[in-house]
Structure formats: structure tokens, C-alpha cells
Amino acid sequence: MAKSEKIYSKESPKKPVRSVSGVTPLTVVLKPKKCDHGTCIYCPGGENVPQSYTDKSPAIMRALALKFDPYIQVKTRLETLKKMGHPTDKIELIIIGGTFLQYEKKYQYDFIKKCYDALNGKKSKNLEDAKRINEISKHRCVAMCIENRPDNCSDEEIKRMLEFGCTRVEIGVQLPDDEIYKKVNRGHTVKDVVSATEKLKNAGFKVGYHFMPGLPYSNPKKDTKLFKELFRNENFRPDQLKIYPCQIVESSVLSKIYKRIKYKPYTNEQITKLLSKMIPEIPEYCRIMRIMREIPKEKMISEINPINLDLRKDIEDNLRKNGVKINEIRLREIGFNETNSDKLKLKIIKYNASKGKEYFLEIVNDKNILYGLLRLRILKNKTGVIRELHVYGKALDLGEVGNISQHKGIGKWLMSEAEEISRRENCKILKVISGVGVREYYKNLGYDLDKDRIYMIKDLKF
């Protein structure tokens, strides 16, 4: 991987707080709906809650109390975040529950519009009107994540997600093995995963995988091999990961058949050993978003010892203690680290993924602590696509004086470098997949909204 460096100076950081990634996440839950393919054998599959969740998960409990109304969910959560002292100017909407793209189209458009309306504090005529208002709203949607399946990423479905203002898509990959997919009733193939990953990246989305070690019919050796394949095989290479070890939930099909198929979930010791091998394999361009699902112990089969939900911290602390190098993004973010270094530099990693050329730009200090990053993809038609621009550190309100990383020009620095790279790649156009609430920022950098009102674009002058 090719790397280049430039030196830059900054001030010392503050101590980490909860909103350390630069934006404030806000989760909205879909109404219950069965997946079209049926039910994966490990899925809780509840009747009154979204299929892959239980009624004891915090976000689901809130949604249940509010009858899954998206407007009320967003409005109520905004008020709670304010009371907790979190800034609410820059919001990342995270839509969870069933497979959103499988719901009726009218429900999809209505759901997204109501989310924007709640952020805007007023009801709009239609979705496009709601998005326009949000561009200058007090509570701006700067990013949107939709959970999805690999077999629900057709061109038409991707176009719809872009219309919603989505910037990140998480797909359930679990273990990329067709034989296992069949046995657990996953309902799609590895080919679907490869196709979806390529299409999503080409459209500019940041792509996250849900990876599930310990599935029935697998074993630690096979899990490790498939995990390494995620980054060694150019057809995969996700930007983010959620690692959810398989567990037996009381309402799942697995809870009824695990004895018959002689299935045993991994113990704490087994999953600790497995993850301790996996985490150091993750390259600098990927972020571990979460390890372990928030499934309460009372929802597990009582005779099975559930895995510790705080397992991640114990594993990471142990790896650091033993001097194991960890490259993944989250553990390097400035918000999770204390440093007195005042020298920043630009690092560029170039790699191939999903039939495209990727540039991963990051601003780090001499200890490789991460202050900001940018993902640039070069398409075959010589168009550059910025799939993510993210400056880390404590989230600030719009216009608030900058801290060590936020509002200090790091974003502009990264954008300028991306434009230079795109010119060297002979790109005539550079486009950005932008959250609706960030459009004003890109306008100030010389970008305009395209005719379809999806991407912010700039003609590159030679």
C-alpha cells in the first residue's frame, strides 16, 4: 500500500466524552415486519417487535412505548439528548428494525419524511421539501444509516436510498459461505454480497458488514479463515464492521433445534481467543462499530452461558497491554485517546476494492492517533466519489469555536487533497455523497447540488 505524508500543526486535545466521533447518533426503529425470505434460524423473530430484535433492547423499548411513530421517536429522542447535554445540531439518523427496503414504498417515504419533519420542527409538503428545510435547520441530518440485506441492493433500491439522503448502508453478511447460508436460511448468496458491496461503493455509500462468528455448522478455524477473507479478497473490504457472535435467543428457531443439531455457542473464552486473533487483522481503513448485540441475558437460553457484553473493552485492553498493534479506526480516534502531540500529518493509503480504486486519506499525529479521514473512490468512468468525510473529536454545535479537531480546518485540508488526487487520476468531476445537513458546508467549498438533487459535485479544472 502506497503512503505519503505531510506535516501540520494543531493544539492539544481535550479528554474524551461520549459524543467523541463528531456527530450525535439518533436511532429510529421501524414497525414490526417479517422478512420476505422468512426467518434466519438464529433470529429472535418476535411478533410485536422488528424481527431481528427483542422487546428488551433499549431502542426497541422506546419505540414500543411510542408505537413506532418515527416523528415522535425523533422528537422525543432529541429532547432527551438535549437534557443529557449532548449537542443536537449535527445528527446521524440510524434506522434499524426490519429490512427497510422490503416495506411498502409509501411507508418508506413517509417514514423518512417524518424523521426530517421532526428534526426541522415543522411538517413539510413532501420529502424533497423536508430535505430542503433541513439544509439550514437547527437540527441537521448530517448522515443517515440504513440496515439492509445484500439481496435488497438493486439499482432501483440504491437510487431510493440516495433519494432518502442515506450515506451509510449496513448489510448482514454474517459468514460469507453459501453452504452455511443455506443451512441457517439466510436467503441470499455470497454473490449477492459481492454485487451489493460493489454497487453501494460505486454509488458513494460507506459500507458496513455485520459479521457473525459461531454460527451453526461453522467452527473457530472456519470463522477465522472467512474473517481474513473479508480483507484479503478485493470483492469485500468493508469500511466498517459489527461483530455479533451467534447466541441462542429464546424465541428463535435455533432455540428449538440446537440440541438436535448438537449446536453449542462459543464460550467467553472461545470468543475472546477468536476476537483477539481477528482484531489485529483489521486494516487502517476499517472501523469496528460494535462487538456484541444488546440482547439481555434473560432472553438467552438459561443453560447456555451468555457472552459478556463488555467483552470488547477487555479484549482491546489486553491486546494493548501485550503490545499488539491495532490499526482499526475506532481505537485510534482522538476522542478515545489522550495525547500531547501537536504535529499532524496526512497519510494516504491506496488499495483496490470491489473493482474500483480506493484512496483512504487520514490526518494523524506521530502516534497514529486519528483526527480525520476521507474515503475517495475512483470509478471506471474517471469520476471521483467521496464516500466519507469525517472529522473526529467531541461533537460541537454549528458555529461553535473549534476544539482540537472539530471546526479547525481538517475537513477542508482533506477535501483539498482529494481534489488533487482526483485531478492526477484525470477525473473531470468529483462528487460527494452528502448528508442533507452538510450541503451548506460543501457549497462553501465550491460544490453544487446536481440536477437530481443527490450529490454535491464540482467540475475539476486542469
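It should be noted that the structure appears before, not after, this text.
## A word on the state of the cysteines
Structurally, a disulfide amounts to a covalent bond that connects the sulfur atoms of two cysteines. Applying the stated criterion to the full structure yields zero disulfides. Not part of a disulfide, Cys141 finds its nearest cysteine sulfur in Cys115, a span of 8.4 Å. There is no disulfide at Cys153, and the cysteine sulfur nearest it, in Cys166, is 9.8 Å away.

## Quick notes on the packing of helix H3 (residues 105-120) against helix H5 (residues 155-164)
Taken N-terminus to C-terminus, the directions of H3 and H5 make an angle of 20°; their axes are 11 Å apart at the nearest point. Our classification of the angle between H3 and H5 gives roughly parallel. The two elements H3 and H5 cross, and the hand of that crossing is right-handed. Where H3 approaches H5, its residues Lys105, Gln108, Tyr109, Ile112 and Tyr116 are matched on the opposing element by Glu156, Arg160, Glu163 and Phe164. Among the residues making up the contact of H3 with H5, the classes are represented as four nonpolar, one polar and four charged.

## Digging into unusual backbone geometry
Its identity as a non-glycine residue notwithstanding, Ser354 has a phi of 50°, on the positive side. Inspection of the secondary structure puts Ser354 in the loop between strand S9 (343-353) and strand S10 (356-365). Positive phi values are uncommon outside glycine, yet Asn426 reaches one of about 65°. Tracing the backbone through its elements, the reader meets Asn426 in the loop between helix H12 (410-424) and strand S13 (429-433). The exposure class assigned to Asn426 is exposed, which follows from its relative accessible area of 51%.

## Things to note about the nonpolar core
By size, the foremost hydrophobic cluster in this structure holds 129 residues, and its most contacted members are Leu93, Phe100 and Phe205. Ranked by residues supplied to this core, first place goes to H3 with seven residues. Leaving out residues up to four positions away in the same chain, Phe205 has contacts with Ile158, Met161, Leu162, Cys166, Thr167, Arg168, Val169, Leu200, Asp239, Arg387 and Ile433. Among the nonpolar cores identified, the runner-up in size contains ten residues, and Tyr53, Phe68, Ile94 and Cys145 belong to it.

## Thoughts on the packing of helix H2 (residues 70-83) against H3
Where H2 meets H3, the axes come as close as 8 Å, and the angle between the chain directions of the two elements is 30°. What the angle tells us is that H2 and H3 run roughly parallel. Relative to H3, H2 is oriented so that their crossing is right-handed. Contact residues: Pro70, Tyr71, Val74, Lys75 and Leu78 in H2; Phe111, Lys114, Cys115, Asp117, Ala118 and Leu119 in H3. Partitioned by chemical class, the residues of the contact of H2 with H3 number eight nonpolar, no polar and three charged.

## A short note on the side chain of Glu135
Here Glu135 shows up in the loop between helix H4 (127-134) and strand S4 (140-148). Overall, the relative accessible area of 7% leaves Glu135 in the buried class. For Glu135, the side chain forms a polar contact with the side chain of Lys443, separated by 3.3 Å. Here Glu135 is in contact with Arg140, Val436, Gly437, Arg439, Glu440, Lys443, Leu449 and Arg453, once residues within four sequence places are set aside.

## Considerations on the packing of aromatic side chains
Taken as a whole and judged by the stated rule, the model has 13 aromatic pairs. For the pair Tyr107 and Phe111, a centre-to-centre distance of 5.7 Å together with 45° between the ring planes defines the contact as tilted. Here the residue Tyr107 and the residue Phe111 both occupy positions in helix H3, the gap between them amounting to four residues, near one helical turn. Each of the two residues, Tyr107 as well as Phe111, counts as buried.

## Thoughts on the pattern of salt bridges
Applying the stated rule across the entire model yields 41 salt bridges. A salt bridge links Lys113 to Asp117; the nearest nitrogen and oxygen atoms lie 2.7 Å apart. With Lys113 and Asp117 both in helix H3 and four residues apart, the pair spans about one turn of that helix. By relative accessible area, which is 15% here, Lys113 ends up buried. Classification of Asp117 by relative accessible area gives buried; the value is 2%. Between Glu135 and Arg439 there is a salt bridge, with its nearest N and O atoms 2.8 Å apart. Residue Glu135 is found in the loop between H4 and S4, and its partner Arg439 is found in helix H13 (residues 439-443); the two are separated by 304 residues along the sequence. Residues Glu135 and Arg439 agree in their burial class; the two are buried. Each of the salt bridges in this network shares a partner with another, and the network as a whole consists of Glu128, Lys131, Glu135, Arg439, Glu440, Lys443 and Arg453.

About the thresholds
Residues numbered from 1 in each chain as written. Predicted model: local features only at pLDDT ≥ 70, side-chain atom pairs only at ≥ 80, totals over all residues. Heavy atoms only, no water. Disulfide = S-S within 2.5 Å. Axes fitted to C-alpha atoms, helices over the stretch in contact; angles between N-to-C directions. Helix = DSSP H or I, 4+ residues; strand = E, 2+ residues; numbered from the N terminus. Parallel < 35°, antiparallel > 145°, perpendicular 65-115°, else oblique. Left-handed = near helix turned anticlockwise from the far one by under 90°. Contact = heavy atoms within 4.5 Å. Nonpolar A, V, L, I, M, F, W, Y, C, P; charged D, E, K, R; others polar. Buried < 20%, exposed > 50% of the residue type's maximum accessible area, 1.4 Å probe, protein only. Core = buried A, V, L, I, M, F, W, Y, C linked by side-chain atoms within 4.5 Å. Polar contact = N/O pair within 3.5 Å; in protein donor to acceptor, adjacent residues only side chain to side chain. Phe/Tyr/Trp six-rings, centres within 6.5 Å; stacked < 30°, edge-to-face > 60°. Salt bridge = Lys/Arg side-chain N within 4 Å of Asp/Glu carboxyl O.

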